[in-house]
Each structure stands twice: as structure tokens, then as C-alpha cells.
Amino acid sequence: MEIKITKTTTPSVMPAEDKLGFGKVFTDHMFVMDYEEGKGWFDARIVPFGRISLHPASTVLHYGAEIFEGLKAYRRADGGVQLFRPMENIRRMNNSAERMSLPLLDEQDALEILTKFVQLEERFVPKSFGTSLYLRPFMFGNDESLGVHAVKRATFMLIASPSGSYYAEGINPVKIMIESEDVRTVRGGTGYAKCGGNYAASTRAGERASKKGYSQVLWLDGVERKYIEEVGAMNVMFKIDGEIVTPMLTGSILPGITRKSCIEVLKKMGYTVSERLLSVDELVSALESGKLEEAWGCGTAAVVSPIGKLAYGDKEYVVSGGQIGEVTQKLYDTLTGIQWGKLEDTFGWVYKI
Ligand SMILES: *Cc1c(COP(=O)(O)O)cnc(C)c1O
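Student: Which residues make up the environment of Ala 193, and what values do they have?
Tutor: Relative to the helices and strands, Ala 193 resides in the loop between strand 9 (174-178) and helix 4 (196-211). Placed 70 residues apart in sequence, Ala 193 and Arg 123 show a C-alpha to C-alpha distance of 32 Å. The residues contacting Ala 193, other than those within four sequence positions of it, are Ser 96, Arg 99, Asn 198 and Leu 254.

Following this line, the structure appears as C-alpha cells:
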């Protein structure tokens, strides 16, 4: 595909790698392309990073037609740059687009956009282990009218943010509370889509948890409020009496690429992994009988995030003695090893830029 490139005339200075944080600094450029019904995608361009202008009636501002993805460009130990399973993100973005009546992307074009953009912004891929260039593709409906219908115009963009290590202060297990009031999504809704509205609606529970001293909430399903779904904006896994359990994808759970990768790594290591329903009652009885050996969240940002404490109602339970568990640590070492190019990728997951 043809991408027109207009380079910035005022290149910025890459901040010190230990001062990056997450999602606060952006690279010099952004990718933009437009869509119109009947015409398809057009005007693919890379332009200097900057503000965009929208018609006040744009669909996204009223009806929330917005989807996004999140992936990282990693600096390999040998100095090269690579992505991790980027086609999985592209396919998931198309699944999200389908759910939200937004236009689909051509898979190969999307991969080319990611590749060319990262090549152009290569100097913003930080070098220390754990740091990365976070890539944020997103798409929004852009009809300039208030009618409620599937959009006829849309915009796809890609921005990138050099980001520090999630574990700059070491891996500290987090405190999580089981949420019994708000639900994140429901089956039949948009839980499996990475659409903006899901996150707007879920921050309230996170804020309340934070006021009570917890990092995040453990979500229950929205139909029976009985089955465990996710933790914050991550998938969740447990080791119960030797079995690795993760909630099955019922439609209200986001199909994480880290989740999928953890399952594949664990199976290769010989663990029994079950994708099934896990009720809060089963979880609490495993906590009470001491059979819950480990619990962790998983997602691109953190890779894995060990859970050290779990609260349900007014009871609080300690998991894994408040330490990172053995399986969680093995997953962290294996996935980060492959992502940062320190371990051989026997799965064929990395895509070198
Ligand atoms: C993005 C996301 C995840 C994790 O997906 P990864 O592909 O592993 O990054 C899990 N849950 C929610 C709600 C998410 O938005």
C-alpha cells in the first residue's frame, strides 16, 4: 500500500529511559487513514504528531463508535526491534470493528502500517529490558451527523509512546477485591471487543477499589454475578490444587493475546490448563481450604501481575504467601525472554521489524 510520509521539521528529544512512565510521551509522527462507504480506505499518511480536528457531530463523540488495540515494539538483546504476535492484534481489531459496525482493515495493509511506522520511529524504541515502544492503533466513526446507524465514515490512526518498565520497582503482588456491584460487560454485549466505552464504564469500580486500598477489582459475570471473568483490564488465571484455571471465553471476556500465549506456554511445560467456568464460590472455598496456590492477571502492559491478596465482602485472603508464585514467575521469565529477544522463540511468535 502507498503511505505518504510528511516528516516533522522539529524532531523531539527522546526522554531518559528511566523517566518514561506509561503513555505520556509520544513519538514525532502519527499514522492516519480515512474511510468512506463505497470508497474504502484512502489517503494513508504519516504526518507530524499533533492535534486532530473533528466535526462536533462526529459519531465517536456521541455514540462511542471507537475501538483500539495495544501492542509493543521490543528492543531485542541483539539491538534489533520486534513485535509480538502482531497479526493477533490485527485480527482482534477486526473482530472489534465488526461488533461496533466499523469498517474492517486489510490484514496485510495493517501489518505494513505497523512495520513502516515502527521503522520510521525506531529511535523511540527504548533499550533497557522491560521498556518498549507502546503502539496504540485506534479507529473511530466520523459521520458528521447525529443519526444513529452504522457509520459511513471512519478514521484509523496509529500513535506510539515510548514507555518505561511496568516493573521499575520490582514485581510486587497486588491487592484485589471481588466486585459485586458493577459489572464490566455482559454476554451479547461488547466484552470481547476492545471498544472505548467498556473502559469508561469500568473505571468507577476501579476508583472505588483504589479508595479502599486495592489496586483493582476482580469482575464477575453480568448475568448471574457468579462466575469470575477478568481482573481490571487484564485476563486472570489461577492455580487451584495443581490445575491452572482461566475463565472460558464466553463473549463478555476480552480474548487476550497474553492469555492465549500463557496457555500455550503452560501446556508446553506440561501443566494442565482448563478454560472453564469458575464460580466465586469455588474460588472462595479454594482460598479457605488453602488449595488456591497462585493467582495472576495477564496482559500486554504487565505481562503477568501476581495477586497477593484477594478480598471478598469483608474477608481478605492472602494468596501465595503474598509472594509471586512459581508458575507466575516461570510465565514472566518465558514471555519476557521471548519478547525482548533473550530466549529462543520456539513458538514462531516474534515478528522482526
Ligand atoms: C487488552 C485487554 C486484555 C489483555 O489483552 P492482551 O492482548 O493480552 O494485551 C485483557 N482484558 C481487557 C479488558 C483488555 O482490554
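Student: Please set out the domain arrangement of the chain residue by residue, giving values where relevant.
Tutor: Each assigned domain of the chain is listed with its residue range as follows: domain 1 (4-163) and domain 2 (174-339). For domain 1 versus domain 2, the separation of C-alpha centres amounts to 28 Å. Roughly 1,900 Å² is buried in total at the junction of domain 1 and domain 2, and carbon and sulfur atoms are behind 56% of that figure. Taken together, the connections running from domain 1 to domain 2 amount to two salt bridges. Between Arg 85 and Glu 264 there is a salt bridge; the shortest N-O distance is 3.4 Å. Elements with a minimum of two residues in the side of domain 1 that touches domain 2: strand 4 (66-68), strand 5 (71-75), strand 6 (81-84) and helix 2 (86-99). Of all the elements, helix 2 adds the most residues to the side of domain 1 that touches domain 2, at seven residues. Looking at the side of domain 1 that touches domain 2 residue by residue, the class counts come to seven nonpolar, five polar and eight charged.

Student: Break down the pattern of salt bridges for me, citing the residues and quoting the values.
Tutor: For the structure shown, the criterion picks out 26 salt bridges. The residue Lys 175 makes a salt bridge to Glu 316 at a minimum N-O spacing of 3.9 Å. In this pair, Lys 175 sits in strand 9 while Glu 316 sits in strand 17 (residues 315-318), placing the two residues 141 residues apart along the sequence. A relative accessible area of 29% means that Lys 175 is categorised as partly exposed. Judged by its relative accessible area of 38%, Glu 316 is partly exposed. Across the pair Glu 288 and Lys 315 runs a salt bridge, and its minimum N-O distance is 3.2 Å. With Glu 288 in helix 6 (residues 280-289) and Lys 315 in strand 17, this residue pair connects regions lying 27 residues apart in the sequence. A single salt-bridge network, built from bridges that share partners, covers Arg 85, Glu 88, Lys 260 and Glu 264.

Conventions and cut-offs
- Residues numbered from 1 in each chain as written.
- Predicted model: local features only at pLDDT ≥ 70, side-chain atom pairs only at ≥ 80, totals over all residues.
- Heavy atoms only, no water.
- Helix = DSSP H or I, 4+ residues; strand = E, 2+ residues; numbered from the N terminus.
- Contact = heavy atoms within 4.5 Å.
- Domains from an automatic or database assignment.
- Buried area = accessible area lost by both parts, 1.4 Å probe.
- Salt bridge = Lys/Arg side-chain N within 4 Å of Asp/Glu carboxyl O.
- Nonpolar A, V, L, I, M, F, W, Y, C, P; charged D, E, K, R; others polar.
- Buried < 20%, exposed > 50% of the residue type's maximum accessible area, 1.4 Å probe, protein only.

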